[in-house]
Amino acid sequence: MPTWESLLSLKRHGDTNKRIRKEQDDTRLGFEVDYDRVIFSSEFRSLQDKTQVIPLSKTDFVHTRLTHSLEVSVVGRSLGRLVGKKVLEKHPQLQGTHGHHFNDFGAIVAAAALAHDIGNPPFGHSGERAIGDYFKFGNGKRFKSKLSDVVYEDLSKFEGNANGFKLLSDDKCGSPSGLRLSYATLGAFTKYPKASLPHKPTQQVADKKFGFFHQQQEKFQDVAEELGLQSVMEGDNIRYKRHPLAFLVEAADDICYTIIDFEDGINLGLIQEEFALEYLSKIVHKNINTTKYSQLSTTKNRISYLRSLAIGALIEDVVALFMENEEAILNGDYHAALLDKSTYKVQIEDIIKISIKNIYQSQEVLDKEIAGYKILTKILDDFTIAVEHDHAGEASSFDKLILKNFLKDFDFSEAKLEDWLVDVCSHVASLTDSNALRTYRKLIGSDF
C-alpha cells in the first residue's frame, strides 16, 4: 500500500539528490513550479485553438481546450486543497514530520488538471479516432506486420492521455525529460496507469483507456516506483493502481465538462433554458438565492449563476466521497469515478444525456468532425510516406518538400520504425485545429 509520503514525491526525472519538502521554498513550491512549466509550454498554448465541443466555432461563447483546461485546474485546485486539509487532519505526521501543507495537494491537482488535455489531437475525440483508424483501417495498415503488437495497439488506438504523458516527459532538444514535472504531478496526471496491451476491458475506471505508449513505459515505471504505486504484471506488460489524486483530476474534468458544456449548449441555443432550471436546480436547491436569481435579466447571467452554484455543490460532494473512501483509494481498491457515486448522479446523467443529443451530436459538430477526420488522414498519409521513402532512400521531390516544410525539427535518420511512427503521430496530434486545416490545404495545393 502506498503512503501519502511517497505519493507526494517532489522528485523529477534526472534528479540525483532527494528533494525534501521541509527544505522547499514555500514562495515557489516545487508543485507550483509544475503549474508554471505547463502554462508556459508551447503544447499548452496550442490548446487555445483546439476543439472542446464545437470544432472551429466562430462564436465567442464556446470553450476551447485551453479555457476548459484552465477551468478544470481551478476546480482541481479547490478539490485538492479541501481534500488536503482533511488528509492532514487524519495523518498529522505529513505536516508535523514532513512539512506538507494542504496547498501541496491543491498545487499537484491543479498542475495535473491544467495538463490533462495537453496530448489531445485537433478536432476533439474524432481526432483520436482519425489517427487510430488510419493504422487500423487506412493506409497505415501497411506497418502492422513490421511492428510489435503493443506498438501497433498504441497507434491503432491512439490515446490522447498517453500522448500527454509523452509530451510532458519526453526528451526534447536542449530539454531532457520534457517539462520535468514532479513525479507526484505526473502520477496524478495519469488517470489510466497501464499500457495499451493486454486489452482487457473491465468495470474498473482505470482500465477504460491506457496512459502511456510503449515508448515511454520505462519512464512511467520509474515514476510509479518512486510513488509506490502497486503494480500488476500482465505478460511482458505492466499496469498500476492509480495515484489517489488522479481521482480528483478526473472529478474536476467531469464536473467542468458536465456543467460547462451544458452551459455552452444553452448559450448557443442548442438547449432550452428551461432544462437548465429543471436539471441544475436539483443540484443547487440548498444554496440558491431565489430573490437574486429572479433579478437576473438575461439567460447568460441566470445560467452563469446556476453553473457557479452547481460546481460548488459537486466539489463539496466529491470531497466527502473521497474522504469516505480514502483508505480504499490508497489501497487501490476503489474502482469508480467519484462523480459516478455522487449524490447527484441522476441529475448528472440527465444533463449528459441532453448534451449528447443536442450538442455532441448536433449537425455542426458532426460536419466538422467529418472534415477533421479527412484532414488528419491526409496529413498522416503524406507525412508517413515521406519518412518511409526517405528511410528507404527513395524520397521523391514531394517527399523532400514534406520533410523540409513540415518535419524539419525532427531527425528521423537513425530512428526505429516504431519510434518515428509514434513521433509523427504525436506531432500531428500537437497541431491546432487551424494549423491542421492550413497544413491540409497546403498538401492538396489549395492554400493560395
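Residues numbered from 1 in each chain as written. Predicted model: local features only at pLDDT ≥ 70, side-chain atom pairs only at ≥ 80, totals over all residues. Heavy atoms only, no water.

A.B. asks: Explain the overall build of the protein to me, using residue names and the numbers behind them.
C.D. replies: From N to C terminus, the protein includes 21 helices and two strands. Considering only C-alpha atoms, the protein reaches an extent of 70 × 55 × 40 Å along its principal axes. Classification of the 448 residues of the protein by burial places 53% in the buried group. Put simply, the protein shows about 19,800 Å² of open surface, and 49% of that area lies on carbon and sulfur atoms. Taking the average location of the 56 positive side-chain charges in the protein and that of its 65 negative ones, the two points are 2 Å from each other. (Helix = DSSP H or I, 4+ residues; strand = E, 2+ residues; numbered from the N terminus. Buried < 20%, exposed > 50% of the residue type's maximum accessible area, 1.4 Å probe, protein only. Areas by Shrake-Rupley, 256 points an atom, 1.4 Å probe, with all protein chains shown as cover. Lys, Arg positive; Asp, Glu negative; His and termini not counted. Charge placed at Lys NZ, Arg CZ, Asp CG, Glu CD.)

A.B. asks: Kindly report on the environment of Ser-148, identifying the contributing residues and their values.
C.D. replies: On the secondary structure map, Ser-148 appears in the loop between α7 (125-136) and α8 (149-156). In this structure Ser-148 comes out as partly exposed when scored by relative accessible area, which is 30%. In the structure, Ser-148 is positioned 66 residues away from His-214 in sequence and 10.0 Å away in space, judged by C-alpha atoms.

A.B. asks: Could you give me a rundown of the environment of Ile-288, with the residues and numbers involved?
C.D. replies: In this fold, Ile-288 is placed in the loop between α13 (273-284) and α14 (290-295). According to the relative accessible area criterion, Ile-288 is partly exposed, its value standing at 21%. Along the backbone, Ile-288 and Leu-306 are 18 residues apart, and their C-alpha atoms lie at a distance of 7.9 Å. Leaving out residues up to four positions away in the same chain, Ile-288 has contacts with Tyr-293, Tyr-305, Leu-306 and Leu-309. (Contact = heavy atoms within 4.5 Å.)

A.B. asks: Lay out unusual backbone geometry in plain terms, naming residues and giving numbers.
C.D. replies: Here the amide bond leading from Leu-197 into Pro-198 is cis, since omega sits at 0°, within 30 degrees of zero. For Pro-198, the location among the structural elements is in the loop between α10 (183-189) and α11 (217-227). One non-glycine residue, Phe-123, adopts positive backbone phi at about 70°. By secondary structure assignment, the location of Phe-123 is in the loop between α6 (102-114) and α7. Its identity is not glycine, yet Arg-180 carries a phi of approximately 50°, on the positive side. Within the secondary structure layout, Arg-180 lies in the loop between α9 (160-169) and α10.

A.B. asks: Mind laying out the pairing of strand β2 (residues 237-240), listing which residues take part and the relevant values?
C.D. replies: Burial along β2 is two-sided: the face carrying Asn-237 and Arg-239 and the face carrying Ile-238 and Tyr-240 are both buried. Two elements, strand β1 (residues 231-234) and β2, share four bridges in a ladder whose sense is antiparallel. Counterpart to Met-233 in the pairing with β2 is Ile-238. (Pairing = 2+ DSSP bridges.)

A.B. asks: So what about the confidence of the model for the protein? Which residues, and what values?
C.D. replies: The pLDDT averaged across the protein works out to 91; a share of 96% of its residues lies at or above 70. Mean pLDDT per element in the protein: β1 is the minimum at 78, and α10 is the maximum at 98. (pLDDT = per-residue confidence, 0-100.)

A.B. asks: Before we move on, could you go through the side chain of Arg-242 and cite the residues and values that matter?
C.D. replies: Here Arg-242 shows up in the loop between β2 and α12 (244-267). Of note is the side chain of Arg-242, whose polar atom sits 2.7 Å from the backbone oxygen of Lys-191. When neighbours within four sequence positions are excluded, Arg-242 is seen to be in contact with Lys-191, Tyr-192, Pro-193, Val-205, Ala-206, Leu-229, Phe-247 and Glu-250. (Polar contact = N/O pair within 3.5 Å; in protein donor to acceptor, adjacent residues only side chain to side chain.)

A.B. asks: Give a detailed account of helix α19 (residues 397-406), specifying residues and quantitative values.
C.D. replies: Think of an α-helix as turning once every 3.6 residues; residues three or four places apart then point the same way. Listed in full, the buried residues belonging to α19 are Asp-399, Ile-402, Leu-403 and Phe-406. The arc enclosing the buried residues of α19, seen along the axis, measures out at 105°, which places them on a common side. Exposed residues pointing more than 90 degrees away from the buried face of α19 are listed as Ser-397, Lys-400 and Lys-404. In this structure, the buried side of α19 is in contact with α18 (363-391), α20 (417-430) and α21 (433-443). (Arc of directions from axis to C-beta.)

A.B. asks: Please give an account of the pattern of salt bridges that cites residues and values.
C.D. replies: This model, assessed by the stated rule, comprises 20 salt bridges. For Asp-26, the salt bridge identified is with Arg-21, shortest N-O distance 2.9 Å. Here Asp-26 falls in the partly exposed class, since its relative accessible area comes to 47%. Judged by its relative accessible area of 6%, Arg-21 is buried. With its nearest N and O atoms 3.9 Å apart, the salt bridge here joins Glu-369 to Arg-129. Taken together, the residues Glu-369 in helix α18 and Arg-129 in helix α7 connect sequence positions 240 residues apart. Take Arg-129: its relative accessible area is 45%, and that puts it in the partly exposed class. Through salt bridges with shared partners, a single network forms among Asp-15, Arg-19 and Arg-180. (Salt bridge = Lys/Arg side-chain N within 4 Å of Asp/Glu carboxyl O.)

A.B. asks: Give a detailed account of α21, specifying residues and quantitative values.
C.D. replies: Buried within α21 we find Asp-433, Ala-436, Thr-439 and Leu-443. One side of α21 holds all its buried residues, which, seen down the axis, span an arc of 125°. Of the surrounding elements, those touching the buried residues of α21 are α18 and α19.

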